[in-house]
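# Fold and contact review
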Amino acid sequence: MTATENGQAIDKDLPVWLDSVTLNKAITQQIGDFKKITKITTENEAKQGENYSSLIVRIKAEAELEDGTVKPVGFFLKTHHVNEMMSSILERLRLFPKEEELYHKILPKFVQLYADAGKTVQFAPKAFTFDRDNGMEYVLLEDLQTKQFKNANRLEGLDMDHMKEVLKKLAEFHAASACYVEHYGTFGDDFNVGIYSAKNKDLLKEFNNSEAFLGQLKKWKNCQQYYDKLMNSDEYLVDRLLEDQRVDNRQFNVLNHGDLWTNNIMFQYDAYGKIKQTLFVDFQVSKYGSPANDLYYLILSSAKKEIKTSQFDYMVRFYYDNLVENLKLLQYHRPIPKLTAIHAALLKNGLAAYMVVSKVLPIVMLGKSNDAKLENYIFDESKLKADMYGNHKYSQAMMELLPWLDNRGLLDWK
């Protein structure tokens, strides 16, 4: 698959090894037998103004069938950035081996658990491999856009109809993960510990530096009490984060998606605009632990502002009812958690809520910009962070969120 063969200009941001990989097996798995590949084009998605931690390449192919007709096929490739510093961070955090294991080994077992119970489910796009092992870390997926899947508008947020569909899917995912442990044993260290390792402490401190956020918080009207509570939080935030992310086997645990926001949720609609199917993508930071992590992440990052806090408890209840239904369907043998246990976990994990509103939400609410790339956020953060935390819409959202968090005791995690 070479850019020059297909009349494309060579993109210096794409890895050179991409020219040598072939897709025959993956195309056969998608469409069946074919005669030959007649065309391949690649498009660097990172140039579309979104924030990606990995290099995202959309691959479009055309395959000639035995009868002479031509059929289009699409793939979505995730791999390391050409940027060596960004690539080294991804390698250090083992994000690709983890996501590859999840797509190729863990999710198929989740699906099989439901199939054995008589229910057909799909959690994510289908995963493929190149014809030969090139020694590179990557994830190759079906391009869901070819099936008319799309993201909702992240700047507007998800309405209740969308939230319910996502919460249903999340409950299915969490229930399968809990039953997976019963059938196959615990997840490995990539999921039990993941990025939350003491060896990554310096990196976590760099990622989670709160200076820009606290600088704006100090300026916001009627927020002095929150600033006073959080002003020294960088001194202990990462230590507390490492402590909170240790798996407590006395509690109900699930495999959290870990990065469940609007851009990682794909919706397929019918002709009337009703949601037909919901799928998740981007499992690089999946983590075994309390379901409170995913619940806070999803609701506080992605629900519409009109329902984010006013309907928070209702959405937790909706998730819980679906979780119990699926645990019973899959014949979960351990005690099924009570709703009060889920709420207790939410109260215990207040730091997770703070992390979402102070680190994730400002990125979610940031307008699209070609300068707004994650590598800038890590290595040249001044302009991007000024845009993130100086965003008027974000500050307005926080005027509602901070009192809600504080009244629930979710800022008392020192």
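Residues numbered from 1 in each chain as written. Predicted model: local features only at pLDDT ≥ 70, side-chain atom pairs only at ≥ 80, totals over all residues. Heavy atoms only, no water.

Turning our attention to the overall build of the chain. Looking only at helices and strands, the chain has 17 helices and 10 strands in total. Over its C-alpha atoms, taken along the principal directions, the chain stretches across nearly 70 × 50 × 45 Å. Counting across all 414 residues of the chain, residues that qualify as buried make up 54%. Here the analysis covers contacts within the chain between residues at least 6 apart in sequence; of these, 75% occur between residues at least 24 apart. Here the chain holds 53 positive side-chain charges and 57 negative ones, and the gap between their average locations is 4 Å. (Helix = DSSP H or I, 4+ residues; strand = E, 2+ residues; numbered from the N terminus. Buried < 20%, exposed > 50% of the residue type's maximum accessible area, 1.4 Å probe, protein only. Contact = heavy atoms within 4.5 Å. Lys, Arg positive; Asp, Glu negative; His and termini not counted. Charge placed at Lys NZ, Arg CZ, Asp CG, Glu CD.)

Quick look at the packing of aromatic side chains now. Scanning the entire structure with this criterion turns up 28 aromatic pairs. Where Phe 252 meets Tyr 332, the ring centres are 6.1 Å apart and the plane angle is 85 degrees; that geometry is what we call edge-to-face. One end of the pair, Phe 252, is in the loop between helix H9 (237-244) and strand S7 (254-256); the other, Tyr 332, is in the loop between helix H12 (312-329) and helix H13 (339-348), with 80 residues separating them in the sequence. For the pair shown, Phe 252 and Tyr 332 are each scored as buried. In this structure, Lys 109 packs its charged tip against the face of Tyr 184, placed 4.5 Å from the ring centre. (Phe/Tyr/Trp six-rings, centres within 6.5 Å; stacked < 30°, edge-to-face > 60°. Lys NZ or Arg CZ within 6 Å of the ring centre and 35° of its normal.)

So, on to the confidence of the model for the chain. In the predicted model, the chain carries a mean pLDDT of 91, and the fraction of residues at 70 or more is 92%. Low pLDDT, under 50, characterises residues 2-9; the predicted model gives this stretch 11 contacts beyond four residues in sequence or across chains. Here residues 370-379 is modelled with pLDDT under 50, and outside its nearest four sequence neighbours on either side it reaches 33 contacts, counting other chains as well. (pLDDT = per-residue confidence, 0-100.)

Below, the discussion takes up the packing of H9 against helix H14 (residues 350-364). Running from N to C, H9 and H14 cross one another at 125 degrees; their axes reach a closest spacing of 10 Å. Regarding the angle of H9 to H14, the classification is oblique. Every pair of crossing elements has a handedness; the one defined by H9 and H14 is left-handed. On H14, the residues touching Leu 237, Arg 240, Leu 241 and Asp 244 of H9 are Leu 351, Tyr 354 and Met 355. Looking at the contact of H9 with H14, its residues break down into five nonpolar, no polar and two charged. (Axes fitted to C-alpha atoms, helices over the stretch in contact; angles between N-to-C directions. Parallel < 35°, antiparallel > 145°, perpendicular 65-115°, else oblique. Left-handed = near helix turned anticlockwise from the far one by under 90°. Nonpolar A, V, L, I, M, F, W, Y, C, P; charged D, E, K, R; others polar.)

Let's shift gears to the nonpolar core. Counting residues in each nonpolar core, the largest one holds 116 residues, and the members touching the most others are Phe 110, Met 163, Phe 213, Leu 217 and Tyr 354. Setting aside anything within four residues of it in sequence, one finds Met 163 in contact with Leu 158, Leu 298, Ile 299, Ala 303, Ile 307 and Met 315. Residues Ile 27, Ala 61, Val 73 and Tyr 138 belong to the second largest nonpolar core, which totals 22 residues. (Core = buried A, V, L, I, M, F, W, Y, C linked by side-chain atoms within 4.5 Å.)

The strand order across the open sheet built from five strands is S1-S2-S3-S5-S4, with neighbouring strands paired in antiparallel fashion. The outermost strands of the open sheet, each flanked by one partner alone, are strand S1 (36-44) and strand S4 (127-128). Relative to strand S2 (residues 55-64), S1 is paired through eight bridges, and the arrangement is antiparallel. Across the sheet, the residue bridging to Lys 36 is Glu 64, located in S2. (Pairing = 2+ DSSP bridges.)

So, on to the sheet that holds strand S6 (residues 149-150). Spatially, the three strands line up as an open sheet ordered S6-S8-S9, and their pairing is antiparallel. The open sheet is flanked by S6 and strand S9 (275-280), the only strands paired with a single partner. Bridge count for strand S8 (residues 265-269) against S9 is five bridges, and the pairing is antiparallel. Opposite Tyr 269, over in S9, you have Ile 275 as the bridge partner. Set on the sheet, helix H4 (residues 160-184) makes contact with S8 and S9; between it and S9 the angle comes to about 50 degrees.

Time to look at H9. An α-helix turns once per 3.6 residues; consequently, residues spaced three or four apart project the same way. Among the eight residues of H9, six are classified as buried, and the element is accordingly described as predominantly covered. Turning to H9, its buried residues are Leu 237, Val 238, Arg 240, Leu 241, Leu 242 and Asp 244. Against the buried residues of H9 lie helix H6 (201-207), H13 and H14.

To continue, consider the pairing of strand S5 (residues 138-142). Burial runs high along S5: five of the five residues are buried. Relative to S5, S4 runs antiparallel, the two being bridged by two bridges. Across the sheet, the residue bridging to Ala 127 is Leu 141, located in S5.

Throughout the structure, instances matching the rule amount to two cavities of 30 Å³ or more. Roughly 30 Å³ of volume is contained in the second largest cavity. As for the second largest cavity, its lining consists of Glu 100, His 104, Phe 128, Thr 129, Tyr 138 and Val 139. Within the residue set of the lining of the second largest cavity, elements represented by two or more residues are helix H3 (95-116) and S5. Among the residues making up the lining of the second largest cavity, the classes are represented as three nonpolar, two polar and one charged. (1 Å grid on protein atoms, 1.4 Å probe; cavity = no way out; pocket = protein on both sides within 12 Å on 5 of 7 lines; lining within 4 Å. Points joined across faces, edges and corners; volume = space filled by probe spheres on them.)

Now for the pattern of salt bridges. The tally for this structure, following the rule as stated, stands at 20 salt bridges. With its nearest N and O atoms 2.8 Å apart, the salt bridge here joins Glu 45 to Arg 58. With Glu 45 in the loop between S1 and S2 and Arg 58 in strand S2, this residue pair connects regions lying 13 residues apart in the sequence. A salt bridge links Arg 58 to Asp 143; the shortest N-O distance between them is 2.7 Å. Residue Arg 58 is located in strand S2, and its partner Asp 143 is located in the loop between S5 and S6; the two are separated by 85 residues in the primary sequence. In this structure, a network of salt bridges that share partners links the residues Glu 45, Arg 58 and Asp 143. (Salt bridge = Lys/Arg side-chain N within 4 Å of Asp/Glu carboxyl O.)

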